[in-house]
Amino acid sequence: MTHEEIVAAICRTLRERLDLASGIALGPETRLQEDLGLDSVSALNLIVALELESGLEIPETAIFKEAFASIGSLAATLAGMPLEEAPSVVEFEDIKVHCFISCLCEIVKACDFTDHRSFYFGVWDAEIVVDEKCRITNHSETINHDFFREWFQRLYGVEVKAWYEEARTRSENVAHLLDLLDAKSPGQQVMVMLDLHHLPERENRFNRDPFPHYVLLEKTDDPETLFMSDPDFRWEGPLPTERVLQAIDQPSVRGGFIFDADELAPVDPASIDAYFEACLIPDRNPLTEAIRGSVEAHLTGQAAEGQALALADLEQAVFDIPLLAIRKYAYEHGLAFFWRDLSLEDEEFERWCEVVAELVQGYTQIQYRAIKLSSSADDKVAGEIFQLLDQQDEREFRIKARLREVHAQWRAARLT
């Protein structure tokens, strides 16, 4: 197919799948996310449809974010053209890691006597929830952040207190939040979970509904405006109070904490050492393990509890992979902490950053094939998934092995 023919095929598939109004014009300049609201998973679905329904041969580069900027850039990639020739190529998503951790680290980053990056040790193998239908989820009411709260106090001396109470109604919790903001001292930080989907003023590149997300809030001189800081998305600014409170008062979210930067203390190396040992799982990779288990269960048609599963539901079961995969960027924080403290060579650090990026991209390759397997039930695709999962295990164990080596080197330098 020519570039123009591929553009036409993309437009046709989008109209069929998105039920777009007839008045909406589609063309090479149309942006997939900003104009049509596609998230990364929707974009993968589009590519699978183009492959299975239009017979297009899909290059591996087509499933990564650089190709998703616009219809024109995706068509250029599918046509084998270099992306530089595609119009309107923009960054599809920024690196995010963990909103709860990012909020806590905001006060550590602002001080000049300690380093926040070691706190990301707890993210790379953070808890993953797999429900009774073998769906791997980013958010669950069963997840609490007690592990991080306890270690944040042990490492930095700052107590993270929960202010949100289950015994209160949502309205009572919102009223309590406003009281906390009124009484807040300059050093205090008030964290709250809100549903980002209900804040259309904010960019939501994952395009999720609901999208539980922790942010920091402050009052302004104008009672109609709150100042919101979103460290995970690296955004801050004023927003209408009514809109923010509406996003908090949603059944999809509940939770909030308060902590004080004035309690910050220098970190004891022995505590960092203990935290590293508590966080790293040397012989397992929980995310890869969870994906493998979900794929196997959907192929056999049965969950561990005996519940029947349909292979077509695998796509939904791995829907949250993009939100979980970005946690692997925590390895960069961990490596950077040891590298800087030991004054190691930058060149090797950069090589490991590339390995971490390959690890994150590997999950995109797996998700693309999981969506394709859901639609095609092709045994060959299943084999490709397991091959990629084996590569992910090898890659992540290699990262962990190097981390353990530099940790041992750091321990010898700082604890003796």
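None of these values were measured; they are calculated from a predicted model.

Draft legend 1. Structural context of the packing of helix α4 (residues 99–109) against helix α5 (residues 146–156). Axis separation between α4 and α5 bottoms out at 12 Å; the angle between their running directions is 15°. Judged by the angle between their axes, α4 and α5 are roughly parallel. As for the relative orientation of α4 and α5, their crossing is right-handed in sense. Residue-level inspection shows F100, I101, L104, I107 and V108 of α4 in contact with α5, the latter providing F148, R149, F152 and Y156. In terms of residue class, the contact of α4 with α5 is made up of 8 nonpolar, no polar and 1 charged.

Draft legend 2. Local environment of the environment of A290. Summarising the element assignment, A290 is placed in helix α9 (residues 286–300). When the C-alpha positions of A290 and C134 are compared, they lie 8.5 Å apart, and in sequence the two are 156 residues distant. When neighbours within four sequence positions are excluded, A290 is seen to be in contact with I128, V130 and I136.

Draft legend 3. Region of interest: helix α7 (residues 241–248). When α7 is considered as a whole, its buried residues turn out to be T241, V244, L245, A247 and I248. The arc enclosing the buried residues of α7, seen along the axis, measures out at 155°, which places them on a common side.

Draft legend 4. Seen up close, empty space enclosed by the protein. Counted according to the given criterion, the structure contains 1 cavity of 30 Å³ or more. The space that makes up the largest cavity amounts to roughly 60 Å³. Residue lining of the largest cavity: V123, W124, D125, A126, I128, P286, L287, L324, R327 and K328, and that is the complete set. Among the residues forming the lining of the largest cavity, the class breakdown is 7 nonpolar, no polar and 3 charged.

Draft legend 5. Quick look at helix α3 (residues 71–78). By the criterion of burial, α3 is predominantly enclosed, with 8 of the 8 residues buried. Buried residues of α3: I71, G72, S73, L74, A75, A76, T77 and L78, and no others. The secondary structure elements touched by the buried residues of α3 are α1 (3–18) and α2 (40–54). Remark: G80 follows α3 within two positions and exhibits a positive phi of approximately 80°.

Draft legend 6. A look at the sheet that holds strand β6 (residues 225–230). With antiparallel pairing, the 6 strands of this open sheet are ordered in space as β3-β8-β4-β5-β6-β7. The open sheet has two edge strands, β3 (161–162) and β7 (235–240), and neither has a second partner. Pairing of strand β4 (residues 188–195) with strand β5 (residues 212–219), which is carried by 6 bridges, proceeds in the antiparallel orientation. Considered in β5, the bridge of L194 is made with H213. In the packing of helix α6 (residues 170–183) onto the sheet, the strands contacted are β4, β5, β6 and β8 (256–260), and the crossing angle to β5 comes to about 45°.

Analysis parameters
Residues numbered from 1 in each chain as written. Predicted model: local features only at pLDDT ≥ 70, side-chain atom pairs only at ≥ 80, totals over all residues. Heavy atoms only, no water. Axes fitted to C-alpha atoms, helices over the stretch in contact; angles between N-to-C directions. Helix = DSSP H or I, 4+ residues; strand = E, 2+ residues; numbered from the N terminus. Parallel < 35°, antiparallel > 145°, perpendicular 65-115°, else oblique. Left-handed = near helix turned anticlockwise from the far one by under 90°. Contact = heavy atoms within 4.5 Å. Nonpolar A, V, L, I, M, F, W, Y, C, P; charged D, E, K, R; others polar. Buried < 20%, exposed > 50% of the residue type's maximum accessible area, 1.4 Å probe, protein only. Arc of directions from axis to C-beta. 1 Å grid on protein atoms, 1.4 Å probe; cavity = no way out; pocket = protein on both sides within 12 Å on 5 of 7 lines; lining within 4 Å. Points joined across faces, edges and corners; volume = space filled by probe spheres on them. Pairing = 2+ DSSP bridges.

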